[in-house]
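# Topology and contacts: notes
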Amino acid sequence: MQSGQGSVQHVRHILHVDMDAFFAAIEQRDQPELRGKPVLVGGDPKGRGVVSTASYEARRFGCHSAMPMASAVCLCPQAVIVQPDMKRYAEASRQMFEILGQFTPLVEPISIDEAFLDVTGSTRLLGPPAQIAREVKRQIRSVTDLTASVGVAANKFLAKLASDHDKPDGLVVVDPGEIQAFLDPLPITRLWGVGKATLPKLEALGVRTFGNLRRVSRDELCRRFGDSGERFHRLVRGVDHRDVIPDRDAKSISHEVTFRVDVTDRECLRSVLLGQTESVTHRLRRHGFLARTVTIKIRTFDFSTVTRSTTVARATDQTEAIWLAASGLLEHWQAGSRAAVRLIGVGVSKFSSRENEQFDLFDEVPGCRDGRQLDRAVDEIRGRFGDNAIARGRTDRRPRGD
């Protein structure tokens with residue numbers, strides 16, 4: 001639903017920008033012979049390869065990110081399989097984020113190809129939010145020759161739903177006066193927190209859409225679903241008070257991914273977590289932060305969410321030090337659970353400034369003697385080619401939640 005802006009005062013204007021089939025779209029851009037063909041970016045189907053991104057042509061056959069490549073090939077035998085080229089993807093990502101930063105300093109990266117923008121303070125100079133969104137799309141297309149879908153709304157939850165509403169190359173504006181008209185017809189599976197365990201309970205109540213759920217009282221939802229019931233009650237009414245927080249203002253820095261299908265491959269989960277750790281520590285160093293607390297977050301197939309944290313001996317920005325902590329937390333969780341994973345993420349917190357810390361040249365984390373030199377070399381490459389231009393060897397098969 002696209003509409004003009006309402007007259008409600010003091011409404012925030014949030015954009016969610018999401019590149020369309022990012023990796024596959026870059027391959028089709030750079031290899032014209034792939035345009036119009038089903039493309040799967042990922043690992044070897046004869047091994048344990050995973051689909052990173054499926055083009056929209058491949059998605060028509062049921063292919064999607066995070067599924068085993070062998071399964072995707074069975075669904076679409078004619079698909080063209082392409083190995084990921086992170087250097088090219090990172091360069092396109094860098095270009096995208098440079099464009100976003102021209103519209104507002106309030107840009108919150110979500111992944112290599114996705115971000116929230118708060119343009120509330122930009123409207124006097126740049127025009128209404130819908131006009132800003134159109135210009136964002138135009139500039140991304142002009143500079144990268146790629147398309148992005150953009151959702152415009154009063155909060156992050158609505159903007160995220162809107163950006164996914166008319167893919168690819170969509171622009172959907174949810175006017176403050178038409179929030180319920182937008183939300184009510186949506187299937188209840190689009191609501192965060194509704195999965196295999198929760199869905200049957202909602203269906204037993206006759207709930208199949210947001211509108212159905214809105215008619216269930218808060219007390220009934222809380223009685224049946226606990227804290228999730230309160231969240232359901234808010235979200236189906238479009239209530240979300242989260243701010244767009246750039247890295248420099250954050251009290252924590254994290255990176256998480258939601259898979260389109262549940263993942264059971266343990267080495268795959270380690271690869272994803274390591275890639276996220278590299279992204280998080282690069283952002284730490286970029287802002288001159290050191291962190292003491294490392295946290296992993298795991299959401300399983302039934303939407304149960306587990307967080308595990310540990311405190312490192314000395315505040316650090318070293319990738320290897322943070323990875324040792326994060327991987328240890330993952331291994332501890334895996335020792336007690338074989339549940340399929342829907343979401344995984346890593347975060348760091350309890351920041352201090354590098355200027356306020358005293359360092360001993362010989363006071364390194366065991367096994368990290370060359371960590372600082374390696375991190376500096378990686379940061380230099382990423383500074384030139386983007387955050388994901390280089391990765392450690394174990395990150396070569398990272399499914400995405402695009």
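Residues numbered from 1 in each chain as written. Predicted model: local features only at pLDDT ≥ 70, side-chain atom pairs only at ≥ 80, totals over all residues. Heavy atoms only, no water.

With 34 residues, the main nonpolar core has Leu 15, Val 17, Phe 22, Leu 100, Leu 117, Val 136 and Ile 140 as its most contacted residues. Among the secondary structure elements, those contributing two or more residues to this core are strand E1 (14–19), helix H1 (22–30), strand E2 (39–42), helix H4 (86–101), strand E6 (114–118), helix H6 (129–144), strand E7 (148–153) and strand E8 (171–173). Grouped together as the second largest cluster of nonpolar side chains are 30 residues, Val 50, Ile 253, Leu 269 and Val 294 included. (Core = buried A, V, L, I, M, F, W, Y, C linked by side-chain atoms within 4.5 Å. Buried < 20%, exposed > 50% of the residue type's maximum accessible area, 1.4 Å probe, protein only. Helix = DSSP H or I, 4+ residues; strand = E, 2+ residues; numbered from the N terminus.)

Looking at where Phe 210 falls in the secondary structure, it is placed in helix H10 (residues 210–214). Sequence-wise, Phe 210 and Ile 188 are 22 residues apart; in three dimensions their C-alpha atoms are separated by 5.4 Å. In contact with Phe 210, not counting residues within four places along its chain, are Phe 157, Leu 161, Leu 183, Asp 184, Leu 186, Pro 187, Ile 188, Arg 190, Leu 191 and Val 236. (Contact = heavy atoms within 4.5 Å.)

Here we come to the sheet that holds E6. The mixed open sheet is built from 5 strands, whose spatial order is E5-E6-E1-E7-E8. A single partner strand is all that each edge strand has here, and the edge strands are strand E5 (107–111) and E8. Recorded for the sheet is a direction-independent mean angle of 15° between the axes of neighbouring strands. When E7 meets E8, the two strands line up parallel, connected through 3 bridges. (Pairing = 2+ DSSP bridges. Axes fitted to C-alpha atoms, helices over the stretch in contact; angles between N-to-C directions.)

As a further point, take the packing of helix H13 (residues 266–286) against helix H14 (residues 319–336). Viewed as axis vectors pointing N to C, H13 and H14 meet at an angle of 150°, and their least axial separation amounts to 9 Å. Here the hand of the crossing between H13 and H14 comes out right-handed. Judged by residue contacts, Arg 266, Leu 269, Arg 270, Leu 273, Leu 274, Thr 277, Glu 278, Thr 281 and Arg 285 of H13 engage Thr 319, Ile 322, Trp 323, Ala 326, Ser 327, Leu 330, Glu 331, Gln 334 and Ala 335 from H14. Looking at the contact of H13 with H14, its residues break down into 8 nonpolar, 5 polar and 5 charged. (Left-handed = near helix turned anticlockwise from the far one by under 90°. Nonpolar A, V, L, I, M, F, W, Y, C, P; charged D, E, K, R; others polar.)

Quick look at unusual backbone geometry now. Cis geometry marks the peptide bond from Lys 167 to Pro 168; its omega dihedral reads -5°. Although it is not a glycine, Ala 21 adopts a positive phi angle of roughly 45°. For Ala 21, the location among the structural elements is in the loop between E1 and H1. Within the chain, Asp 169 stands out as a residue other than glycine whose phi angle is a positive 60°. Within the secondary structure, Asp 169 is located in the loop between helix H7 (156–163) and E8. Asp 169 gets classed as partly exposed once you look at its relative accessible area, which sits at 40%.

Structurally, Ser 327 can be placed in helix H14. Overall, Ser 327 belongs to the buried group, its relative accessible area being 7%. A distance of 3.3 Å separates the side chain of Ser 327 from the backbone oxygen of Leu 324, its partner in a polar contact. If sequence neighbours within four positions are ignored, Ser 327 has contacts with Arg 270 and Leu 273. (Polar contact = N/O pair within 3.5 Å; in protein donor to acceptor, adjacent residues only side chain to side chain.)

In short, geometric facts, not functional conclusions.
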